[in-house]
Amino acid sequence: MAATLNPALLGVFIPTFIFVSITPGMCMTLSMTLGMTIGIRRTFWMMAGELLGVGLVAAAAVIGVAALMLNYPLLFELFKYLGGAYLAFLGIQMWRSRGKLAIDLESPRHGRATAPTLALQGFVTAVANPKGWAFFISLLPPFISNEQPMLPQLGVLLSLILLIEFSCLVLYASGGRSLSLFLQQRGNVRLLNRVAGTLMLAVGVWLAFG
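Residue positions are counted from 1 within each chain, in the order its sequence is given. Note on the predicted model: pLDDT of at least 70 is required for a residue's local features to be given, and 80 or more for side-chain atom pairs to be given and counted; whole-chain, interface and lining totals, by contrast, use all residues. Excluded from the side-chain calculation are hydrogens and water; included are all heavy atoms of the structure.

**Observations concerning the overall build of the chain**
Just so we agree on the cut-off: Segments assigned H or I by DSSP are reported as helices when at least four residues long, segments assigned E as strands when at least two residues long, and all are numbered from the N terminus. Summary of the burial criterion: residues with accessible area below 20% of their type's maximum are buried, those above 50% are exposed, and those between are partly exposed, where the area comes from a 1.4 Å probe applied to protein chains only. By definition in these notes, contact holds between two residues if any of their heavy atoms fall within 4.5 Å. Exposure was quantified through the Shrake-Rupley algorithm and a 1.4 Å probe, taking into account, for residues, occlusion by the shown protein chains and nothing else.
The helix and strand inventory of the chain stands at nine helices and zero strands. Starting at the N terminus and ending at the C terminus, the chain contains elements arranged as α-α-α-α-α-α-α-α-α. Considering the chain as a whole, with its 210 residues, one finds that 45% of them fall into the buried category. Taking all contacts inside the chain whose residues are at least 6 apart in sequence as the whole, residues at least 24 apart take part in 85%. Put simply, the chain shows about 10,400 Å² of open surface, and 71% of that area lies on carbon and sulfur atoms.

This is the structure:
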């Protein structure tokens with residue numbers, strides 16, 4: 001790794017990305033929300049889609065595909081609004097204790113969302129996040145040296161990014177699960193649905209208009 005990337009640069013990159021990743025954002029809020037409603041184990045499917053999206057955005061930012069998005073801003077805006085509307089719809093359904101992500105009032109621990117649905121949800125949230133694009137476009141290129149082959153450097157950075165991102169997602173999902181158990185012990189399943197639905201709706205609005 002030392003031959004691929006300057007250790008001094010890694011010493012700056014790692015804490016910087018830890019700080020950025022652990023800061024509450026759309027993906028972390030989504031992880032906490034799903035941890036509340038479907039549990040950590042099933043939230044791993046959302047995490048898989050989110051990590052795929054994050055890896056794609058990070059690689060695109062370094063390789064230069066991001067320039068295509070800048071040349072077609074209307075297409076990106078449309079994708080962002082559609083993704084936000086989808087998440088907002090899910091939030092409203094959860095608030096009303098309906099839909100596949102809401103906790104079933106008759107069977108509080110029953111999760112009905114399919115793995116592909118959860119993975120798609122995570123992927124859309126990551127790829128349609130304009131702040132994610134802005135972060136990777138501005139942060140990653142300075143850590144790539146023109147004197148070294150790009151692909152090995154990109155591989156190291158992506159591995160670190162995904163490891164840190166996954167750790168933070170699990171941390172947030174664990175917090176959501178703890179809150180879920182706390183509320184369910186008192187029979188407040190409907191309240192839990194409304195808290196999770198409000199958070200999901202906020203993520204959708206944030207994604208569309210952030």
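**Quick look at the packing of helix H2 (residues 26-37) against helix H6 (residues 115-127)**
Convention followed: An axis is simply a line fitted to the C-alpha atoms; with a helix, the fit covers only the stretch in contact. Between two such axes, the angle follows the N-to-C directions and lies from 0 to 180 degrees. Roughly parallel means an angle under 35 degrees; roughly antiparallel, over 145; roughly perpendicular, 65 to 115; everything else is oblique. Helix crossings fall into two classes, left-handed where the near helix is turned counterclockwise from the far one by less than a right angle and right-handed where it is turned clockwise. Basically, the charged four are Asp, Glu, Lys and Arg, the nonpolar ten are Ala, Val, Leu, Ile, Met, Phe, Trp, Tyr, Cys and Pro, and anything else, Gly included, counts as polar.
H6 packs onto H2 with a crossing angle of 160° between their chain directions and a minimal axis gap of 9 Å. The pairing of H2 with H6 is recorded here as roughly antiparallel in orientation. Regarding H2 and H6, the two cross each other, and that crossing is right-handed. Contact residues: Met-26, Cys-27, Leu-30 and Leu-34 in H2; Leu-118, Gln-121, Gly-122, Thr-125 and Ala-126 in H6. Its residues assigned to classes, the contact of H2 with H6 shows six nonpolar, three polar and no charged.

**What to know about H6**
In an α-helix, one full turn covers 3.6 residues, which means residues spaced three or four apart are oriented alike. Heads up, the rule is: Under the convention used throughout, the expected extent of a helix is 1.5 Å for every residue step, that is, one less than its residue count.
Look at H6: 18 Å from first C-alpha to last across 13 residues, which is about the 18 Å you get at 1.5 Å a residue. All buried positions along H6 are accounted for by Ala-115, Leu-118, Gln-121, Gly-122, Val-124, Thr-125, Ala-126 and Val-127.

**With respect to a nonpolar patch on the surface**
How we decide: Nonpolar side chains (Val, Leu, Ile, Met, Phe, Trp, Tyr) are joined into patches within 5 Å and like charges within 9 Å, using only residues with over 30% relative accessible area and no salt bridge. Each reported salt bridge corresponds to a side-chain nitrogen of Lys or Arg within 4 Å of a carboxyl oxygen of Asp or Glu.
Together, Tyr-81, Ile-92, Leu-201, Val-205 and Phe-209 give the surface a local cluster of nonpolar side chains, amounting to about 470 Å² of exposed area. Where the nonpolar patch is concerned, the elements lending two or more residues are helix H5 (73-95) and helix H9 (189-209). If you tally residues by element for the nonpolar patch, the top one is H9, at three residues. Residue position: Leu-201 is located in helix H9.

**Some words on the packing of H2 against helix H3 (residues 40-63)**
Between H2 and H3, whose axes approach to 9 Å, the crossing angle comes to 160°. Between H2 and H3, the interaxial angle falls into the category roughly antiparallel. In this structure, H2 meets H3 at a crossing whose hand is right-handed. Side by side, H2 and H3 meet where Cys-27, Leu-30, Ser-31, Leu-34 and Gly-35 of the first sit next to Thr-43, Met-46, Met-47 and Glu-50 of the second. Partitioning the contact of H2 with H3 into residue classes produces five nonpolar, three polar and one charged.

**What about H9?**
The line we're drawing: This arc is taken over the directions from the axis of the helix to the C-beta atoms.
Between its first and last C-alpha atoms H9 spans 30 Å; for 21 residues at 1.5 Å apiece the expected length is 30 Å, and the two agree. Where H9 is concerned, the buried positions are Val-189, Leu-192, Asn-193, Ala-196, Gly-197, Met-200, Val-203, Gly-204, Leu-207 and Ala-208. One face of H9 carries all of its buried residues, which in axial projection span an arc of 135°.

**With respect to the packing of aromatic side chains**
Heads up, the condition is: Any Phe, Tyr or Trp ring, taking Trp's six-membered ring, that has another such ring centre within 6.5 Å forms a pair; planes under 30 degrees apart are called stacked, those over 60 apart edge-to-face, and the others tilted. Lysine NZ or arginine CZ positioned within 6 Å of the ring centre and within 35 degrees of the ring normal marks a charge as sitting over the ring.
Evaluation of the coordinates by the stated rule reveals three aromatic pairs. Ring centres of Phe-13 and Phe-17 lie 6.1 Å apart, and the angle between their planes is 10°; on these two criteria the pair is classed as stacked. Highlighted residues: Phe-13 and Phe-17, both in helix H1 (residues 7-22), separated by four residues, approximately one helical turn. The positively charged end of Arg-194 is found above the aromatic ring belonging to Trp-95, 4.3 Å away from the centroid.

**Things to note about the side chain of Ser-31**
Defined as follows: Any pair of nitrogen or oxygen atoms within 3.5 Å is treated as a polar contact; in protein, a donor-acceptor pairing is required on top of that, and neighbouring residues in sequence qualify only through side-chain atoms on both sides.
Along the chain, Ser-31 falls in helix H2. At 2.7 Å, the side chain of Ser-31 forms a polar contact with the backbone oxygen of Leu-169. The contact partners of Ser-31, leaving out residues within four places of it in the chain, are Thr-43, Met-46, Met-47, Leu-169, Tyr-172 and Ala-173.

**Some points on the nonpolar core**
As a rule of thumb, soluble globular proteins bury nonpolar side chains together. Worth spelling out the cut-off: Residue types Ala, Val, Leu, Ile, Met, Phe, Trp, Tyr and Cys, when buried and joined through side-chain atoms within 4.5 Å, form a set referred to as a nonpolar core.
Phe-13, Phe-136, Leu-140 and Ile-161 are the most contacted members of the largest nonpolar core, which has 51 residues in total. Top element by residues in this core is helix H8 (residues 150-184). It accounts for eleven residues. When sequence neighbours within four positions are dropped, the list of residues in contact with Leu-140 reads Phe-13, Ala-58, Val-62, Phe-135, Leu-157 and Ile-161.

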